[in-house]
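What follows is each chain in one-letter form.
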Amino acid sequence: MTPTKWVRVWNERHTNVPLELVRVDEAQQTEIVGQDGGADVVLLRLPIDDPDAFHLISLYEELPFVVLPKEHAFAEAARLSLDDLADETLVADLDYPEDMPEREPGSHYSDVVEVVAAGSGYAVLPQSVARLFARKDVAAVPLDGAASTTIALAWPRSRASDEIQTFVGIVRGRTAHSSRDGMSDADREASARKAAGKKESDRKAAEKKAAENNRKRAASKKNAPLGGNRPHKGSAARGRGKGRRR
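Cut-offs applied
Residues numbered from 1 in each chain as written. Predicted model: local features only at pLDDT ≥ 70, side-chain atom pairs only at ≥ 80, totals over all residues. Heavy atoms only, no water. Buried < 20%, exposed > 50% of the residue type's maximum accessible area, 1.4 Å probe, protein only. Helix = DSSP H or I, 4+ residues; strand = E, 2+ residues; numbered from the N terminus. Pairing = 2+ DSSP bridges. Contact = heavy atoms within 4.5 Å. Axes fitted to C-alpha atoms, helices over the stretch in contact; angles between N-to-C directions. Polar contact = N/O pair within 3.5 Å; in protein donor to acceptor, adjacent residues only side chain to side chain. Salt bridge = Lys/Arg side-chain N within 4 Å of Asp/Glu carboxyl O.

## Regarding the pairing of strand 3 (residues 64-69)
Part 1 of the argument: The buried fraction of strand 3 amounts to six of the six residues, a majority that puts the element mostly inside the structure.
Part 2 of the argument: Here strand 3 runs beside strand 5 (residues 123-126); their pairing, made up of four bridges, is antiparallel. Each bridged residue has a counterpart across the sheet, and for proline 64 the counterpart in strand 5 is proline 126.
Part 3 of the argument: In terms of strand pairing, strand 3 meets strand 6 (residues 138-144) through five bridges, oriented antiparallel. In the strand pairing of strand 6, proline 69 is matched with valine 138.

What follows is the structure in C-alpha cells.
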C-alpha cells in the first residue's frame, strides 16, 4: 500500500512529530503494532487473527488480479474469470510460510512473480501488489469471481494517544481546522450531542422571540386611537363660513 497522501498531510500539519513508514509482510502486519517500540498504527489486509484486540477502520476494497507470463494466451485479455483458469496451474499460496527464514519484506511476492515469469503457472495478487511487482515478462489482468481484499487501518485497543487519533483523523479526511481532529470517539460523540443541543436551544429561543414580537405588534395595533389626528367635526366648516359675506 502507498499512503503517500496521508504522510504528506501529516508532514504539513505536524512538522514537530516525525512520521516513519515501515514495510512489513502480511504475516507480520499485526505483530508489529503489538511490540514494544513497534509501530503505532498499521495499514493491513483483512481478515486478521483476533480482530477484537484492535480498532479497525475499513478504508476500501482492493480487486484481485491474475499475474500471467507475458507470452500466455490470456495475457492480452481485458478480464478473466475463475472458470477461464480452471485448466491452469496456481503456482503458490500467498501466505508467508512459517518455516521460511526472514527475508526482505515483500520478497515472497517477488518470488511468486519470478515463478510466474518462468512459465510455471499463474498467481492471484491484490491489485496494488500486482502493480508493485510488475515486470516486462509478466502481465496482470483483473479477475472476476474472486473475493476482493479489504484494506483497513488498525491499532491495538490497549494503545491510545493523541497522535494516533490525529493520524486517524487525517485518514478519515478531516481538515486541519476540524474540531474533531485529535479527539477520542467518546469526546466526538459528546461534542456532537452538545452541538445538536445548542442548535435546538437556539431554534427554540428564536421561535420564542418571534412569537413575543408578534404579540407586541398585535397589542400596539389594538391600542391605537381610532381616527388618528383628524380635526374635530365641523371645525373646517366654521372656518370656511367665517370669512364669507353675502
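Read on, since the account is not over.
## What about the pairing of strand 6?
Part 1 of the argument: Counting buried residues in strand 6 gives five out of seven residues, a clear majority hidden from the surface.
Part 2 of the argument: Here strand 4 (residues 80-81) runs beside strand 6; their pairing, made up of two bridges, is parallel. Pairing of serine 81 across the sheet is with aspartate 144, part of strand 6.

## Re the sheet that holds strand 3
Part 1 of the argument: Read across the sheet, four strands follow the order 4-6-3-5 without closing on themselves; strand pairing throughout is mixed. Only two strands of the sheet have a single partner each, and these edge strands are strand 4 and strand 5.

## Some remarks on the environment of phenylalanine 167
Part 1 of the argument: Its location among the elements puts phenylalanine 167 in helix 4 (residues 162-171).
Part 2 of the argument: Classification of phenylalanine 167 as buried rests on a relative accessible area of 9%.
Part 3 of the argument: Sequence separation between phenylalanine 167 and valine 41 is 126 residues, and the spatial gap between their C-alpha atoms is 8.8 Å.
Part 4 of the argument: In contact with phenylalanine 167, other than residues within four places in its own chain, are Trp6, Trp10, Leu19, Val41 and Leu153.

## Brief notes about unusual backbone geometry
Part 1 of the argument: In the segment running from leucine 46 into proline 47, the intervening peptide bond is cis, with an omega of 5 degrees.
Part 2 of the argument: Within the secondary structure, proline 47 sits in the loop between strand 1 (42-46) and strand 2 (54-62).
Part 3 of the argument: If you check the backbone angles, aspartate 50 has positive phi at about 55 degrees while not being a glycine.

## Some points on the sheet that holds strand 1
Part 1 of the argument: In spatial order, the strands read 1-7-2; together these three strands make up an open sheet with antiparallel pairing. In this open sheet, the two strands that pair with only one neighbour each are strand 1 and strand 2. Neighbour to neighbour, the strand axes of the sheet diverge by 35 degrees on average, direction disregarded.
Part 2 of the argument: As defined by bridge partners, strand 2 adjoins strand 7 (residues 149-156) across eight bridges and the pair is classed as antiparallel. Paired with leucine 56 across the two strands is alanine 154, which belongs to strand 7.
Part 3 of the argument: Against the sheet, helix 4 engages strand 2 and strand 7, with an angle of about 160 degrees to strand 7.

## What about the side chain of glutamate 62?
Part 1 of the argument: Structurally, glutamate 62 can be placed in strand 2.
Part 2 of the argument: Judged by relative accessible area, glutamate 62 falls into the buried class, the value being 4%.
Part 3 of the argument: At a separation of 2.4 Å, a polar atom in the side chain of glutamate 62 contacts the side chain of serine 128.
Part 4 of the argument: With residues near it in sequence (within four places) discarded, glutamate 62 still touches Arg45, Pro126, Gln127, Ser128, Val129, Ser148, Thr149 and Ile151.

## Thoughts on the pattern of salt bridges
For side chains bearing opposite charge, pairing can occur when the charged atoms are close.
Part 1 of the argument: Scanning all chains against the criterion turns up five salt bridges.
Part 2 of the argument: For arginine 135, the salt bridge is made with glutamate 114, and the minimal N-O distance between the two is 2.6 Å. With arginine 135 in the loop between helix 3 (127-132) and strand 6 and glutamate 114 in helix 2 (residues 107-117), this pair connects stretches of sequence that are 21 residues apart.
Part 3 of the argument: Given the relative accessible area of 44%, glutamate 114 is considered partly exposed.
Part 4 of the argument: The residue arginine 135 makes a salt bridge to aspartate 137 at a minimum N-O spacing of 2.6 Å.
Part 5 of the argument: Since its relative accessible area comes to 31%, arginine 135 is described here as partly exposed.
Part 6 of the argument: Sharing partners across several salt bridges, the network here consists of Glu114, Arg135 and Asp137.

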